[in-house]
Amino acid sequence: RASEVYRLRNRLEQELIPKINRRPNVAQDLENALDHQKILDKYEHSLKEKRQELEDIGNLAQEAATRQKLLKEDMDLLNARTALFSQAHVSCPMCSTPLAPDNRAHLEDEIRLQKKQLQERHLVYQEEIRTLETRRQDMRRNVGDFESKKIRSRQDHQVVLANLYRELDEIEKDAEESI
């Protein structure tokens, strides 16, 4: 009987009291972990913003590609007009009367100027698309990295929370047992 009391007292002093004394620390760690949950929620919000930005960049790239396609169609029409002017007897596009040489030269100059402007816009659109595609690729990588970090952080956080809840549970049970 004395050995049983000694064993219980020893267990109380060696195991239970230190565990019970650790309760405030575990409770504080748990509170910190729950505060960390708010940070993870903000991280999630940032990820949503990054996904939206990625989608916006994709939309801008699509719009630029559409503008470039329409511009290509305009260039094709202009090339067709140029082909007409290479013929010997060219008529006025408005009234169909034969063009005088200086009127013809004026229209050819106008077509060349339009062609040059369209080519310049084409180059601008090409550069815009290239820039947007580069941004989109960078953003995809960024979102992917961000998402991986978020998943790892959430998993790590869940493990920490589970361990803290388990430890707090054990402390509570041990505290009840020691009473």
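**Student:** Talk me through the overall build of the protein chain; I want residue IDs and the actual numbers.
**Tutor:** Scanning the protein chain from terminus to terminus reveals 2 helices and 0 strands. Here the C-alpha radius of gyration of the protein chain, 38 Å, is well above what a compact globule of 179 residues would show, namely 16 Å. In terms of its C-alpha atoms, the protein chain occupies a principal-axis envelope of roughly 130 × 20 × 15 Å. Burial status across the protein chain gives 22% buried among its 179 residues. The contacts of the protein chain with a sequence gap of at least 6 include a subset with a gap of at least 24, amounting to 83%.

**Student:** Just give me the short version of the packing of aromatic side chains, but keep the residues and values in it.
**Tutor:** Across all of its chains, the model carries 1 aromatic pair by this definition. Here the basic side chain of K50 rests over the ring of F146, its NZ or CZ set 5.2 Å away from the ring centre.

**Student:** Tell me about the nonpolar core, and please be specific about residues and values.
**Tutor:** Ranked by size, the top nonpolar core spans 10 residues in total: L47, L54, I57, A61, A64, I129, L132, M139, V143 and F146. Looking at this core, the elements with two or more residues in it are α1 (2-85) and α2 (101-178). If we ignore the near neighbours within four places in the chain, the residues touching M139 are K50, E53, L54 and I57. In this structure, L71, L78, L107 and Y125 belong to the second largest nonpolar core, which totals 9 residues.

**Student:** Describe the pattern of salt bridges, listing the residues and the values that go with them.
**Tutor:** Opposite charge on two side chains permits pairing when their charged atoms draw close. If you walk through the whole model with that rule in mind, you get 13 salt bridges. The closest approach of N and O atoms between K38 and D35, which form a salt bridge, is 3.8 Å. Here K38 pairs with D35, and both are found in helix α1, just 3 residues apart, close to one helical turn. In this structure K38 comes out as exposed when scored by relative accessible area, which is 52%.

**Student:** Can you lay out α1 for me, pointing to particular residues and giving the numbers?
**Tutor:** Here α1 spans 119 Å end to end across 84 residues, near enough to the 124 Å set by a 1.5 Å rise per residue. At L12, α1 shows its largest kink, close to 40°.

**Student:** Describe in detail the side chain of R136, supporting the description with residues and values.
**Tutor:** Looking at the secondary structure, you find R136 in helix α2. Sequence-distant contacts of R136, defined by excluding residues within four places in its chain, comprise L54, I57, G58 and A61.

**Student:** I'd love a proper account of the environment of R81, names of residues and values included.
**Tutor:** In this fold, R81 is placed in helix α1. Its relative accessible area of 31% is what places R81 among the partly exposed residues. With sequence-adjacent residues up to four places away left out, R81 is seen in contact with I111 and Q114.

**Student:** Which residues make up the environment of E172, and what are the values?
**Tutor:** Here E172 shows up in helix α2. Taking the C-alpha atoms as reference, E172 lies 8.4 Å from R23; in sequence the two are 149 residues apart. In terms of polar contacts, E172 uses its side chain to reach the side chain of R23, at 2.4 Å.

Cut-offs and rules
Residues numbered from 1 in each chain as written. Predicted model: local features only at pLDDT ≥ 70, side-chain atom pairs only at ≥ 80, totals over all residues. Heavy atoms only, no water. Helix = DSSP H or I, 4+ residues; strand = E, 2+ residues; numbered from the N terminus. Rg over C-alpha atoms; globule rule 2.2 N^0.38 Å. Buried < 20%, exposed > 50% of the residue type's maximum accessible area, 1.4 Å probe, protein only. Contact = heavy atoms within 4.5 Å. Phe/Tyr/Trp six-rings, centres within 6.5 Å; stacked < 30°, edge-to-face > 60°. Lys NZ or Arg CZ within 6 Å of the ring centre and 35° of its normal. Core = buried A, V, L, I, M, F, W, Y, C linked by side-chain atoms within 4.5 Å. Salt bridge = Lys/Arg side-chain N within 4 Å of Asp/Glu carboxyl O. Expected span 1.5 Å × (residues − 1). Bend = angle between axes of the 7 residues up to and from the residue. Polar contact = N/O pair within 3.5 Å; in protein donor to acceptor, adjacent residues only side chain to side chain.

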